[in-house]
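Tertiary structure, described
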Amino acid sequence: MDVLSSKPNHVRSISLPGRSHPTTQRVEEELHKLKSLEVSFAPAAVSNGLIGLEKLYKCIDDLLNLPQTLQVLSRSLNAKWLDDLLDKSVRLLDVCGTIRELVSQYKENVRDLQSSLRRRKGDSTIDDSFERFTSFSKKIKRDVKRSVSTLKQMDQDTAVPVLLDADKDTVAVIRALREANAVCISFFQKILSFLCVPLLKPKPSKWSLLSRLVQKERIASECQEESMSLETKLETFEAYLISFEDGLEAIFRRLIRSRTSLLNILSC
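Conventions we followed
Residues numbered from 1 in each chain as written. Predicted model: local features only at pLDDT ≥ 70, side-chain atom pairs only at ≥ 80, totals over all residues. Heavy atoms only, no water. Helix = DSSP H or I, 4+ residues; strand = E, 2+ residues; numbered from the N terminus. Contact = heavy atoms within 4.5 Å. Phe/Tyr/Trp six-rings, centres within 6.5 Å; stacked < 30°, edge-to-face > 60°. Buried < 20%, exposed > 50% of the residue type's maximum accessible area, 1.4 Å probe, protein only. Core = buried A, V, L, I, M, F, W, Y, C linked by side-chain atoms within 4.5 Å. pLDDT = per-residue confidence, 0-100.

**So, the environment of Arg 91**
When you line up the elements, Arg 91 lands in helix H4 (residues 80–119). On a C-alpha basis, the gap between Arg 91 and Met 154 in space is 8.2 Å, while along the polypeptide they are 63 residues apart. Each residue touching Arg 91, except ones within four places of it in the same chain, is listed here: Gln 153 and Met 154.

**What to know about the packing of aromatic side chains**
The full count for this structure, using the stated rule, is 7 aromatic pairs. Measuring from ring centre to ring centre gives 6.0 Å for Phe 194 and Tyr 240, while their planes differ by 80 degrees; the resulting arrangement is edge-to-face. Of this pair, Phe 194 sits in helix H6 (residues 168–195) while Tyr 240 sits in helix H8 (residues 216–266), and the two are 46 residues apart along the sequence. With 5.2 Å between their ring centres and 85 degrees between their planes, Phe 194 and Phe 244 make a pair best called edge-to-face. Here Phe 194 is found in helix H6, whereas its partner Phe 244 is found in helix H8, with 50 residues between them in sequence. Among the aromatic residues, those joined into a ring-pair cluster are Tyr 106, Phe 133, Phe 136, Phe 194, Phe 237, Tyr 240 and Phe 244.

**Overview of the environment of Val 148**
Structurally, Val 148 can be placed in helix H5 (residues 123–155). For Val 148, a relative accessible area of 22% translates into the label partly exposed. Sequence separation between Val 148 and Lys 190 is 42 residues; the distance between their C-alpha atoms is 9.7 Å.

**Structural notes on the nonpolar core**
Leu 53, Leu 92, Ile 99, Tyr 106, Phe 188 and Leu 195 are the most contacted members of the largest nonpolar core, which has 62 residues in total. Elements represented by at least two residues in this core include exactly helix H1 (22–37), helix H2 (43–64), H4, H5, H6 and H8. Broken down by element, the residue count for this core peaks at 15 residues, all from H4. Leave out the neighbours within four places in its chain, and Leu 92 touches Tyr 57, Met 154, Asn 181, Cys 184, Ile 185, Phe 188 and Leu 255.

**Things to note about the confidence of the model for the chain**
For the chain, the average pLDDT comes to 78, and 72% of its residues sit at 70 or higher. The least confident element of the chain is strand E1 (residues 3–4), whose mean pLDDT is 32; the most confident is H2, at 93. Note on residues 1–16: pLDDT is under 50 here. Beyond four places in sequence and across chains, it has 37 contacts. Here residues 204–225 is modelled with pLDDT under 50, and outside its nearest four sequence neighbours on either side it reaches 4 contacts, counting other chains as well.

So this is what it looks like as structure tokens:
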């Protein structure tokens, strides 16, 4: 836990909304829902988590724009914790934009492969599509690794600071912001993990192909089943990518609004 100190601000007796305030309750409720989803890596849970994150940041923005909140936090303009939150808001925006772009690229490559499978103009065409998709998969894993590294670095600094000159309500707002950021980082990591899930089976060895040539009818049947299975897998994967893309877009807009609210506090 980092200990931050600054000169006393002599804050007047102005309190932020207590735990019974509707806005504070909504923030706590959304955080609780997200933490219950956070334990799962299932794509559906991640999609629901993104929807929950958008709701959470909407509640936090409402909290930041309450008159009581603005009055108290505007008296801590030189506090290090505010700079920390502003810095993290920029970094979250950057990584959110990066992940959104990765998801979009993956979706387009999945659709290209689907088109090739539907056309079925010959084994060579499909093989070329598989090669392109495999090459893209290797590239995106490198991009994912960089984003994961950034998120891990951000995740190391999520403790609530001890503010020697702040009341418990001020710390409560900081805690809400930091917990929201921590949960956001967690779900971003889950999306990146999902992007690394292999969709294509590794190519069989030449010896394997040779041994199977003896059973041509069985080969044809197995190839058809594998193709159908892949098409189904691609459809499911694409649906999740679309839901991730939509969720990331909504969160990106909310992160911009939260940052704007923090900047408005600085300008008070």
